[in-house]
Amino acid sequence: MQVPEQDAAESAPQAVSSFLERRREQIAQRWADAPLFRTVFTVSRDEAVEACKAVVDALSQVAATGRLDDIEAPGFGAVRDQLGRTAQTRARTGATPSQVSDEVSALRAPVTDLLRAEFADPAAPPAHESVLALTVLLGTLRVVVMETALHAGTELIERQRQQLLEVATPVIQLWEGTVAVPLIGTLDSARSQVVMESLLEAIVDQRARYAILDITGVPTVDSLVAQHLMKTVAAARLMGAECIVSGIRPAIAQTIVQLGIDLGSVLTRASLADALAYALGRQGIEVTRTDAGASAR
């Protein structure tokens, strides 16, 4: 690769682009054995090589634009897609962000060695400027990969949080036409929204006429929690179901009174059993206790 010294700095990105395109196969073969790819593509090395080729092509495209330090350069889109997924896989297997960062950095040495070998005099300005350009490009690659991995990690955490909210707010069918949501733990805005959505869906699916919100496991009730409960009750009514709040403990009852919260429009019962008995009674169903001795006879 012959590059005039006076134009070395200006033409370095183009030289790097040409080099990446020309040495695509060799770079891919070396990268396929790097920890970042080897630990992800454990079944087929050929698959790892193809993934590496896609990254090399993307980097060549970025270098051709001269935007070596621009994470928004078009070519980095393919990098975000390929290496981002690879980094996510490494993270799911227990690799820390620091480890992933080091593994991305380890991609620099093999390709830099190949680039230096292109020059008769590795110490000459053209060689120096090209290696510098490649270093900047791979440094930006590292930033792009980490940014993508962190963003994916945030999305994963959010999905898991949403799943935990849904698991923590189950809607159960107590009887035909009667559903209940036993709430345990703190009730905040996000969870209250999940409670409302889950309850309304259950009312529709089960054709429920009665819905019970049991707050026995809710440690405290403040004005915000009370508002969430009243909104849920109102929404259930709009769906044609009568909503009952059960499990209001003495301490919570005192707090509600002290806060001046008006729950007069909300039907309440002391326990889940009382709420269920009310719902069954409204449906004309009578539950009686059988005598154990008589049953035995």
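### Concerning the overall build of the protein
Of the regular secondary structure elements, the protein holds 13 helices and five strands. When each of the 297 residues of the protein is scored for burial, the buried share is 40%. Relative to all contacts within the protein whose residues are 6 or more apart in sequence, the contacts with residues 24 or more apart total 72%. Per element, the accessible surface of the protein, about 15,800 Å² overall, is 53% carbon and sulfur.

### Some remarks on the packing of helix α9 (residues 189–206) against helix α10 (residues 223–238)
At a minimum axis distance of 10 Å, the contact between α9 and α10 shows a crossing angle of 20 degrees. Comparing the axis directions of α9 and α10 gives the class roughly parallel. In terms of crossing hand, the pair formed by α9 and α10 is right-handed. Here Ser189, Ser192, Met196, Leu199, Leu200 and Ile203 of α9 come into contact with α10, specifically with Leu224, His228, Lys231, Thr232, Ala235 and Ala236.

### Quick notes on the environment of Ser101
With respect to the helices and strands, Ser101 occurs in helix α6 (residues 97–105). The class of Ser101 is buried, set by a relative accessible area of 7%. Separated by 44 residues in sequence, Ser101 and Val145 place their C-alpha atoms 8.2 Å apart. Ser101 has contacts with Arg142 and Met146, leaving out every residue within four places of it along the chain. Of note is the side chain of Ser101, whose polar atom sits 2.7 Å from the side chain of Arg142.

### A few points about the packing of helix α2 (residues 24–31) against helix α4 (residues 45–65)
One can describe the packing of α2 onto α4 by two numbers: an axis separation of 8 Å at closest approach and a directional angle of 125 degrees. Taken together, α2 and α4 sit at an angle that is classed as oblique. Viewed along their axes, α2 and α4 form a crossing whose handedness is right-handed. Residue-level inspection shows Arg24, Glu25, Ile27, Ala28, Gln29 and Trp31 of α2 in contact with α4, the latter providing Arg45, Val49, Cys52, Lys53, Val55, Val56, Asp57 and Leu59. When the residues that make up the contact of α2 with α4 are grouped by side-chain class, the tally is eight nonpolar, one polar and five charged.

Cut-offs and rules
- Residues numbered from 1 in each chain as written.
- Predicted model: local features only at pLDDT ≥ 70, side-chain atom pairs only at ≥ 80, totals over all residues.
- Heavy atoms only, no water.
- Helix = DSSP H or I, 4+ residues; strand = E, 2+ residues; numbered from the N terminus.
- Buried < 20%, exposed > 50% of the residue type's maximum accessible area, 1.4 Å probe, protein only.
- Contact = heavy atoms within 4.5 Å.
- Areas by Shrake-Rupley, 256 points an atom, 1.4 Å probe, with all protein chains shown as cover.
- Axes fitted to C-alpha atoms, helices over the stretch in contact; angles between N-to-C directions.
- Parallel < 35°, antiparallel > 145°, perpendicular 65-115°, else oblique.
- Left-handed = near helix turned anticlockwise from the far one by under 90°.
- Polar contact = N/O pair within 3.5 Å; in protein donor to acceptor, adjacent residues only side chain to side chain.
- Nonpolar A, V, L, I, M, F, W, Y, C, P; charged D, E, K, R; others polar.

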